[in-house]
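Chain by chain, the residues run as shown.
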Amino acid sequence: MIKFPRCDTAPVPEDLPRGAGTLFGFARLLRRFGFAVAPEQAITFMQAVTLLGPRSMDDIRRSAVATFAPAPERRVEFDALFESWFLGDARAAIEGEVEPEEEPHIKDATDTAEEQSLPVRDETGGELTSGSEQLGVRAFSYDGLRLDKLERAIGSALPWRRSFRMVRTRTGTNFDLRGSMRKMLAADGDIPSPQLRRRQRLPRRLLLLLDVSGSMKLHTEDYLKLAHAAVQGTGRAEVFSFGTRLTRLTSALRIRNRDQALARAGALVEDWDGGTRIGQTLLAFQSVPRFSAFARGAVVVILSDALERGEPAEMETAFRRFAASAHRLSLATPLAGDPRFRPETEALRAILPMLDDLVDGSSIAGLTRFLLSLGASSAPRGTRASRGL
(Lines give C-alpha, C1' and ligand atoms only; values in the text may rest on other atoms or scores of the structure.)
Protein backbone atom coordinates (compact mmCIF):
# COMPACT_ATOMS: atom_id res chain seq x y z
CA MET A 1 0.00 0.00 0.00
CA ILE A 2 1.41 3.36 -1.03
CA LYS A 3 0.79 6.23 1.37
CA PHE A 4 0.98 9.77 0.21
CA PRO A 5 3.26 11.99 2.29
CA ARG A 6 1.86 14.16 5.04
CA CYS A 7 2.03 17.80 4.29
CA ASP A 8 3.97 18.89 7.37
CA THR A 9 6.83 16.40 7.25
CA ALA A 10 7.18 15.00 3.71
CA PRO A 11 9.93 16.35 1.43
CA VAL A 12 9.15 17.67 -2.01
CA PRO A 13 9.52 14.83 -4.58
CA GLU A 14 12.82 15.04 -6.42
CA ASP A 15 11.28 14.32 -9.84
CA LEU A 16 9.12 17.49 -9.87
CA PRO A 17 10.02 20.09 -12.51
CA ARG A 18 12.16 22.96 -11.33
CA GLY A 19 10.06 25.63 -9.66
CA ALA A 20 7.10 23.32 -8.97
CA GLY A 21 8.13 22.60 -5.39
CA THR A 22 6.45 25.75 -4.12
CA LEU A 23 3.16 24.80 -5.81
CA PHE A 24 3.35 21.27 -4.47
CA GLY A 25 4.03 22.65 -1.01
CA PHE A 26 0.87 24.75 -1.11
CA ALA A 27 -1.21 21.61 -1.75
CA ARG A 28 0.43 19.96 1.25
CA LEU A 29 -0.31 23.02 3.37
CA LEU A 30 -4.00 22.85 2.46
CA ARG A 31 -4.13 19.17 3.45
CA ARG A 32 -2.49 20.04 6.76
CA PHE A 33 -5.24 22.50 7.59
CA GLY A 34 -8.07 20.09 6.82
CA PHE A 35 -8.89 20.89 3.17
CA ALA A 36 -9.94 17.85 1.10
CA VAL A 37 -7.16 17.87 -1.50
CA ALA A 38 -6.74 14.78 -3.68
CA PRO A 39 -3.40 14.08 -5.45
CA GLU A 40 -5.11 14.64 -8.81
CA GLN A 41 -6.04 18.16 -7.73
CA ALA A 42 -2.43 18.99 -6.83
CA ILE A 43 -1.28 17.82 -10.26
CA THR A 44 -4.06 19.77 -11.99
CA PHE A 45 -3.11 22.89 -10.02
CA MET A 46 0.46 22.75 -11.29
CA GLN A 47 -0.76 22.13 -14.84
CA ALA A 48 -3.14 25.10 -14.64
CA VAL A 49 -0.37 27.41 -13.48
CA THR A 50 1.77 26.18 -16.38
CA LEU A 51 -0.99 26.94 -18.89
CA LEU A 52 -1.52 30.46 -17.53
CA GLY A 53 2.14 31.43 -17.66
CA PRO A 54 1.82 32.59 -14.96
CA ARG A 55 2.01 36.30 -15.59
CA SER A 56 1.05 37.42 -12.10
CA MET A 57 0.22 36.13 -8.62
CA ASP A 58 -3.47 36.51 -9.51
CA ASP A 59 -3.03 33.79 -12.14
CA ILE A 60 -1.74 31.42 -9.46
CA ARG A 61 -4.58 32.39 -7.12
CA ARG A 62 -7.21 31.76 -9.82
CA SER A 63 -5.64 28.40 -10.63
CA ALA A 64 -5.70 27.41 -6.96
CA VAL A 65 -9.36 28.39 -6.50
CA ALA A 66 -10.42 26.61 -9.69
CA THR A 67 -8.62 23.34 -8.93
CA PHE A 68 -8.95 23.05 -5.15
CA ALA A 69 -12.51 24.50 -5.06
CA PRO A 70 -12.59 25.61 -1.40
CA ALA A 71 -15.98 25.68 0.27
CA PRO A 72 -17.51 29.18 0.51
CA GLU A 73 -17.44 29.09 4.30
CA ARG A 74 -13.68 28.39 4.24
CA ARG A 75 -12.72 30.83 1.49
CA VAL A 76 -11.32 33.38 3.97
CA GLU A 77 -9.10 30.71 5.51
CA PHE A 78 -8.05 29.55 2.02
CA ASP A 79 -7.02 33.08 1.02
CA ALA A 80 -5.09 33.48 4.28
CA LEU A 81 -3.20 30.27 3.61
CA PHE A 82 -2.46 31.38 0.04
CA GLU A 83 -1.03 34.72 1.15
CA SER A 84 0.85 33.05 3.98
CA TRP A 85 2.49 30.55 1.64
CA PHE A 86 3.24 32.66 -1.43
CA LEU A 87 3.59 36.14 0.08
CA GLY A 88 4.64 35.67 3.70
CA ASP A 89 5.35 33.18 6.46
CA ALA A 90 4.21 29.68 5.47
CA ARG A 91 4.09 28.61 9.12
CA ALA A 92 1.60 31.31 10.17
CA ALA A 93 -0.80 30.02 12.79
CA ILE A 94 -4.39 29.70 11.59
CA GLU A 95 -7.26 28.73 13.84
CA GLY A 96 -8.71 25.33 12.98
CA GLU A 97 -5.53 23.41 12.15
CA VAL A 98 -6.12 19.66 12.44
CA GLU A 99 -3.80 17.05 13.80
CA PRO A 100 -2.43 14.89 10.94
CA GLU A 101 -2.30 11.65 12.92
CA GLU A 102 -6.12 11.22 12.83
CA GLU A 103 -6.67 11.45 9.08
CA PRO A 104 -8.87 8.77 7.48
CA HIS A 105 -7.16 6.61 4.86
CA ILE A 106 -8.38 5.76 1.39
CA LYS A 107 -7.23 2.42 0.03
CA ASP A 108 -7.73 1.12 -3.48
CA ALA A 109 -7.83 -2.61 -4.12
CA THR A 110 -5.30 -2.06 -6.91
CA ASP A 111 -2.69 -1.61 -4.15
CA THR A 112 -2.68 2.19 -4.29
CA ALA A 113 -3.82 4.39 -1.44
CA GLU A 114 -4.53 7.97 -0.75
CA GLU A 115 -4.45 9.70 2.60
CA GLN A 116 -7.34 12.12 2.99
CA SER A 117 -7.06 15.08 5.33
CA LEU A 118 -10.55 15.46 6.75
CA PRO A 119 -10.72 16.75 10.31
CA VAL A 120 -11.63 14.31 13.07
CA ARG A 121 -13.37 15.84 16.04
CA ASP A 122 -13.87 14.49 19.54
CA GLU A 123 -17.60 13.72 19.52
CA THR A 124 -20.03 11.49 21.35
CA GLY A 125 -22.50 9.22 19.57
CA GLY A 126 -24.73 6.20 20.05
CA GLU A 127 -23.98 3.48 22.52
CA LEU A 128 -23.08 1.02 19.77
CA THR A 129 -20.81 3.32 17.78
CA SER A 130 -17.32 4.65 18.23
CA GLY A 131 -14.95 6.80 16.22
CA SER A 132 -11.79 5.11 17.46
CA GLU A 133 -9.82 3.17 14.88
CA GLN A 134 -9.28 -0.56 15.39
CA LEU A 135 -7.25 -2.35 12.75
CA GLY A 136 -7.48 -6.06 12.00
CA VAL A 137 -8.37 -8.71 9.42
CA ARG A 138 -11.20 -11.20 9.11
CA ALA A 139 -11.39 -14.74 7.76
CA PHE A 140 -14.56 -16.10 6.16
CA SER A 141 -15.72 -19.73 6.25
CA TYR A 142 -17.66 -21.57 3.55
CA ASP A 143 -21.37 -21.79 4.43
CA GLY A 144 -22.93 -23.00 1.17
CA LEU A 145 -24.93 -19.80 0.63
CA ARG A 146 -26.02 -19.64 -3.00
CA LEU A 147 -26.69 -16.35 -4.76
CA ASP A 148 -27.05 -17.73 -8.28
CA LYS A 149 -30.34 -15.91 -8.92
CA LEU A 150 -28.83 -12.52 -8.09
CA GLU A 151 -25.73 -13.22 -10.16
CA ARG A 152 -27.78 -14.26 -13.21
CA ALA A 153 -30.34 -11.47 -13.10
CA ILE A 154 -28.60 -8.39 -11.69
CA GLY A 155 -27.23 -7.30 -15.07
CA SER A 156 -30.69 -6.94 -16.58
CA ALA A 157 -32.42 -5.81 -13.36
CA LEU A 158 -30.60 -2.48 -13.09
CA PRO A 159 -32.18 0.72 -14.43
CA TRP A 160 -31.18 1.66 -17.97
CA ARG A 161 -29.90 4.91 -19.38
CA ARG A 162 -29.71 6.21 -22.93
CA SER A 163 -26.14 6.49 -24.18
CA PHE A 164 -24.98 9.12 -26.65
CA ARG A 165 -23.63 6.30 -28.83
CA MET A 166 -25.90 5.45 -31.75
CA VAL A 167 -26.63 1.93 -33.01
CA ARG A 168 -28.45 0.73 -36.11
CA THR A 169 -32.05 -0.41 -35.86
CA ARG A 170 -34.72 -1.72 -38.23
CA THR A 171 -37.52 0.41 -36.79
CA GLY A 172 -37.81 3.94 -35.52
CA THR A 173 -37.92 7.50 -36.74
CA ASN A 174 -34.27 8.60 -36.50
CA PHE A 175 -32.80 8.68 -40.00
CA ASP A 176 -29.11 7.75 -40.30
CA LEU A 177 -27.97 10.13 -43.03
CA ARG A 178 -24.31 9.16 -42.95
CA GLY A 179 -25.03 5.42 -43.01
CA SER A 180 -27.53 5.88 -45.83
CA MET A 181 -25.04 7.88 -47.91
CA ARG A 182 -22.38 5.20 -47.48
CA LYS A 183 -24.86 2.55 -48.58
CA MET A 184 -25.88 4.63 -51.61
CA LEU A 185 -22.24 5.01 -52.67
CA ALA A 186 -21.67 1.28 -52.32
CA ALA A 187 -24.80 0.56 -54.40
CA ASP A 188 -24.02 3.12 -57.16
CA GLY A 189 -26.62 5.60 -55.97
CA ASP A 190 -29.39 3.12 -55.24
CA ILE A 191 -30.67 2.53 -51.72
CA PRO A 192 -33.40 -0.09 -51.23
CA SER A 193 -34.33 1.09 -47.73
CA PRO A 194 -33.29 3.99 -45.48
CA GLN A 195 -30.86 3.41 -42.65
CA LEU A 196 -32.27 4.05 -39.18
CA ARG A 197 -30.53 4.45 -35.85
CA ARG A 198 -31.30 4.94 -32.15
CA ARG A 199 -29.43 5.79 -29.01
CA GLN A 200 -27.93 2.76 -27.30
CA ARG A 201 -29.35 1.68 -23.94
CA LEU A 202 -26.89 0.76 -21.19
CA PRO A 203 -27.44 -0.47 -17.63
CA ARG A 204 -26.59 2.06 -14.97
CA ARG A 205 -23.67 1.52 -12.63
CA LEU A 206 -24.33 -0.12 -9.24
CA LEU A 207 -22.33 1.35 -6.35
CA LEU A 208 -22.36 -0.62 -3.09
CA LEU A 209 -20.92 0.99 0.06
CA LEU A 210 -20.55 -1.53 2.91
CA ASP A 211 -20.30 -0.48 6.56
CA VAL A 212 -17.71 -2.73 8.29
CA SER A 213 -17.79 -1.11 11.73
CA GLY A 214 -18.29 -3.04 14.96
CA SER A 215 -22.03 -2.37 15.12
CA MET A 216 -22.43 -4.13 11.74
CA LYS A 217 -20.31 -7.17 12.61
CA LEU A 218 -23.17 -9.67 12.28
CA HIS A 219 -23.99 -8.58 8.72
CA THR A 220 -20.74 -7.61 6.99
CA GLU A 221 -19.91 -11.15 5.86
CA ASP A 222 -23.31 -11.57 4.19
CA TYR A 223 -23.02 -8.13 2.60
CA LEU A 224 -19.63 -9.05 1.16
CA LYS A 225 -21.06 -12.24 -0.36
CA LEU A 226 -23.93 -10.25 -1.83
CA ALA A 227 -21.44 -7.76 -3.29
CA HIS A 228 -19.40 -10.59 -4.81
CA ALA A 229 -22.50 -11.94 -6.59
CA ALA A 230 -23.31 -8.45 -7.90
CA VAL A 231 -19.78 -7.93 -9.25
CA GLN A 232 -19.83 -11.36 -10.89
CA GLY A 233 -23.23 -10.68 -12.44
CA THR A 234 -22.43 -7.30 -14.01
CA GLY A 235 -19.33 -5.45 -15.03
CA ARG A 236 -21.05 -2.20 -13.96
CA ALA A 237 -20.72 -2.79 -10.18
CA GLU A 238 -18.32 -1.02 -7.81
CA VAL A 239 -17.87 -1.97 -4.15
CA PHE A 240 -16.27 -0.01 -1.29
CA SER A 241 -16.08 -0.69 2.43
CA PHE A 242 -16.01 2.03 5.06
CA GLY A 243 -15.59 2.27 8.81
CA THR A 244 -12.78 4.51 9.94
CA ARG A 245 -11.12 3.98 6.53
CA LEU A 246 -12.28 3.67 2.94
CA THR A 247 -11.26 0.64 0.86
CA ARG A 248 -12.09 -0.23 -2.73
CA LEU A 249 -12.93 -3.95 -3.05
CA THR A 250 -14.03 -4.24 -6.68
CA SER A 251 -10.83 -5.84 -7.99
CA ALA A 252 -10.77 -8.41 -5.18
CA LEU A 253 -14.42 -9.37 -5.77
CA ARG A 254 -13.81 -9.92 -9.49
CA ILE A 255 -12.10 -13.21 -8.58
CA ARG A 256 -14.52 -15.90 -9.72
CA ASN A 257 -14.09 -18.25 -6.75
CA ARG A 258 -16.02 -16.68 -3.89
CA ASP A 259 -13.86 -18.09 -1.10
CA GLN A 260 -10.73 -16.73 -2.72
CA ALA A 261 -12.40 -13.38 -3.40
CA LEU A 262 -13.58 -13.00 0.21
CA ALA A 263 -10.16 -13.99 1.53
CA ARG A 264 -8.59 -11.30 -0.65
CA ALA A 265 -11.15 -8.72 0.47
CA GLY A 266 -10.69 -9.72 4.11
CA ALA A 267 -6.97 -9.04 3.81
CA LEU A 268 -7.50 -5.68 2.08
CA VAL A 269 -9.85 -4.19 4.68
CA GLU A 270 -7.90 -3.07 7.74
CA ASP A 271 -10.67 -1.57 9.88
CA TRP A 272 -12.94 -4.59 10.42
CA ASP A 273 -15.26 -4.35 13.44
CA GLY A 274 -13.79 -1.05 14.63
CA GLY A 275 -15.21 2.43 14.97
CA THR A 276 -17.26 4.28 12.40
CA ARG A 277 -16.94 7.70 10.81
CA ILE A 278 -19.73 7.57 8.26
CA GLY A 279 -19.78 11.22 7.30
CA GLN A 280 -16.02 11.60 7.07
CA THR A 281 -15.38 8.44 5.04
CA LEU A 282 -18.21 9.18 2.60
CA LEU A 283 -16.91 12.74 2.15
CA ALA A 284 -13.44 11.28 1.56
CA PHE A 285 -14.96 9.07 -1.17
CA GLN A 286 -16.51 12.11 -2.83
CA SER A 287 -13.30 14.14 -2.64
CA VAL A 288 -11.42 11.71 -4.93
CA PRO A 289 -12.51 12.46 -8.53
CA ARG A 290 -12.14 8.93 -9.88
CA PHE A 291 -14.22 7.56 -6.99
CA SER A 292 -16.94 10.21 -7.06
CA ALA A 293 -17.35 9.54 -10.80
CA PHE A 294 -18.61 6.05 -9.89
CA ALA A 295 -21.65 7.62 -8.20
CA ARG A 296 -22.58 9.96 -11.04
CA GLY A 297 -25.81 8.66 -12.60
CA ALA A 298 -25.47 5.38 -10.69
CA VAL A 299 -27.69 3.38 -8.36
CA VAL A 300 -26.05 3.95 -4.97
CA VAL A 301 -26.89 1.48 -2.19
CA ILE A 302 -25.39 2.13 1.26
CA LEU A 303 -25.56 -0.89 3.57
CA SER A 304 -25.22 0.54 7.06
CA ASP A 305 -27.10 1.06 10.30
CA ALA A 306 -26.45 4.81 9.82
CA LEU A 307 -25.62 5.21 13.52
CA GLU A 308 -23.42 8.26 13.15
CA ARG A 309 -21.50 9.53 16.16
CA GLY A 310 -21.83 13.12 17.23
CA GLU A 311 -23.27 15.86 15.05
CA PRO A 312 -24.75 14.54 11.76
CA ALA A 313 -23.70 17.55 9.64
CA GLU A 314 -20.98 15.71 7.69
CA MET A 315 -23.17 12.67 7.12
CA GLU A 316 -26.02 14.89 5.93
CA THR A 317 -23.66 16.70 3.53
CA ALA A 318 -22.36 13.40 2.13
CA PHE A 319 -25.86 12.03 1.53
CA ARG A 320 -26.97 15.29 -0.06
CA ARG A 321 -24.08 15.09 -2.53
CA PHE A 322 -24.92 11.48 -3.35
CA ALA A 323 -28.58 12.42 -3.88
CA ALA A 324 -27.56 15.23 -6.23
CA SER A 325 -25.32 13.10 -8.46
CA ALA A 326 -26.81 9.58 -8.27
CA HIS A 327 -29.76 8.27 -10.26
CA ARG A 328 -31.08 6.55 -7.13
CA LEU A 329 -29.93 6.60 -3.50
CA SER A 330 -30.92 3.81 -1.12
CA LEU A 331 -30.06 2.97 2.48
CA ALA A 332 -30.34 -0.67 3.56
CA THR A 333 -30.19 -0.91 7.34
CA PRO A 334 -30.56 -4.08 9.43
CA LEU A 335 -32.44 -1.99 12.01
CA ALA A 336 -35.40 -1.88 9.61
CA GLY A 337 -35.86 -5.63 10.13
CA ASP A 338 -37.66 -4.79 13.37
CA PRO A 339 -41.32 -3.82 12.67
CA ARG A 340 -41.07 -1.25 15.46
CA PHE A 341 -38.17 0.55 13.77
CA ARG A 342 -38.59 4.28 13.17
CA PRO A 343 -35.89 6.73 12.00
CA GLU A 344 -35.73 8.61 15.29
CA THR A 345 -32.04 9.51 15.44
CA GLU A 346 -31.04 12.99 14.36
CA ALA A 347 -28.86 11.65 11.54
CA LEU A 348 -31.58 9.41 10.07
CA ARG A 349 -34.17 12.17 10.21
CA ALA A 350 -31.73 14.50 8.43
CA ILE A 351 -31.01 12.13 5.53
CA LEU A 352 -34.51 10.66 5.11
CA PRO A 353 -35.73 13.29 2.59
CA MET A 354 -32.72 12.55 0.38
CA LEU A 355 -33.36 8.80 0.14
CA ASP A 356 -35.33 7.06 -2.55
CA ASP A 357 -35.43 3.86 -0.49
CA LEU A 358 -35.03 2.97 3.18
CA VAL A 359 -35.18 -0.82 3.20
CA ASP A 360 -34.65 -3.83 5.43
CA GLY A 361 -31.00 -4.89 5.29
CA SER A 362 -31.21 -7.68 7.84
CA SER A 363 -31.46 -10.61 5.40
CA ILE A 364 -29.81 -11.68 2.17
CA ALA A 365 -33.15 -12.74 0.69
CA GLY A 366 -34.69 -9.32 1.27
CA LEU A 367 -31.67 -7.49 -0.16
CA THR A 368 -31.67 -9.77 -3.21
CA ARG A 369 -35.32 -8.98 -3.91
CA PHE A 370 -34.63 -5.28 -3.49
CA LEU A 371 -31.64 -5.23 -5.85
CA LEU A 372 -33.55 -7.19 -8.50
CA SER A 373 -36.45 -4.71 -8.28
CA LEU A 374 -34.33 -1.58 -8.84
CA GLY A 375 -35.06 -1.48 -12.56
CA ALA A 376 -38.81 -1.42 -11.93
CA SER A 377 -38.66 1.37 -9.31
CA SER A 378 -39.88 4.69 -10.64
CA ALA A 379 -41.13 6.64 -7.60
CA PRO A 380 -40.06 10.28 -7.28
CA ARG A 381 -37.06 11.01 -5.06
CA GLY A 382 -37.73 10.83 -1.34
CA THR A 383 -41.31 9.50 -1.46
CA ARG A 384 -40.59 5.76 -1.24
CA ALA A 385 -38.57 6.06 1.96
CA SER A 386 -41.24 8.19 3.58
CA ARG A 387 -44.14 5.94 2.59
CA GLY A 388 -42.32 2.82 3.78
CA LEU A 389 -42.35 4.06 7.36
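Please refer to the structure placed before this passage.
Keep in mind it's a predicted model, so treat the numbers as computed, not measured. (Residues numbered from 1 in each chain as written. Predicted model: local features only at pLDDT ≥ 70, side-chain atom pairs only at ≥ 80, totals over all residues. Heavy atoms only, no water.)

Draft legend 1. Structural view of the overall build of the protein chain. Check the secondary structure of the protein chain and you find 15 helices and ten strands. Excluding contacts between residues fewer than 6 apart, the proportion of contacts in the protein chain whose partners are at least 24 apart in sequence is 77%. Summed over its atoms, the accessible surface of the protein chain is roughly 19,300 Å², and 51% of this surface lies on carbon and sulfur atoms. (Helix = DSSP H or I, 4+ residues; strand = E, 2+ residues; numbered from the N terminus. Contact = heavy atoms within 4.5 Å. Areas by Shrake-Rupley, 256 points an atom, 1.4 Å probe, with all protein chains shown as cover.)

Draft legend 2. Main features of the packing of aromatic side chains. Summed over the entire model, instances satisfying the criterion amount to 14 aromatic pairs. On the basis of an interplanar angle of 55° and a centroid distance of 5.2 Å, the ring pair of Phe26 and Phe86 is categorised as tilted. Here Phe86 lies in helix 4 (residues 75-86) and Phe26 lies in helix 1 (residues 21-32), a separation of 60 residues in the sequence. Phe26 sits in the buried class, given a relative accessible area of 0%. (Phe/Tyr/Trp six-rings, centres within 6.5 Å; stacked < 30°, edge-to-face > 60°. Buried < 20%, exposed > 50% of the residue type's maximum accessible area, 1.4 Å probe, protein only.)

Draft legend 3. Representation of unusual backbone geometry. Phi angles above zero are rare outside glycine, and Asp273 is one such case at about 55°. A residue is classified by how much of its surface remains accessible, and Asp273, at 17% relative accessible area, is buried. Positive phi outside glycine occurs at Ala306, with the angle close to 60°. Locating Ala306 in the fold gives a position in the loop between strand 8 (299-303) and helix 12 (313-325). On the basis of relative accessible area, Ala306 is assigned to the buried category, the value being 2%.

Draft legend 4. View of a nonpolar patch on the surface. A surface patch of nonpolar side chains, amounting to about 310 Å² of accessible area, comprises Phe175, Leu177 and Met181. Here Leu177 shows up in helix 6 (residues 177-186). (Patch = residues over 30% accessible without salt bridge, like charges linked within 9 Å, V, L, I, M, F, W, Y side chains within 5 Å. Salt bridge = Lys/Arg side-chain N within 4 Å of Asp/Glu carboxyl O.)

This is a description of form; function is not addressed.
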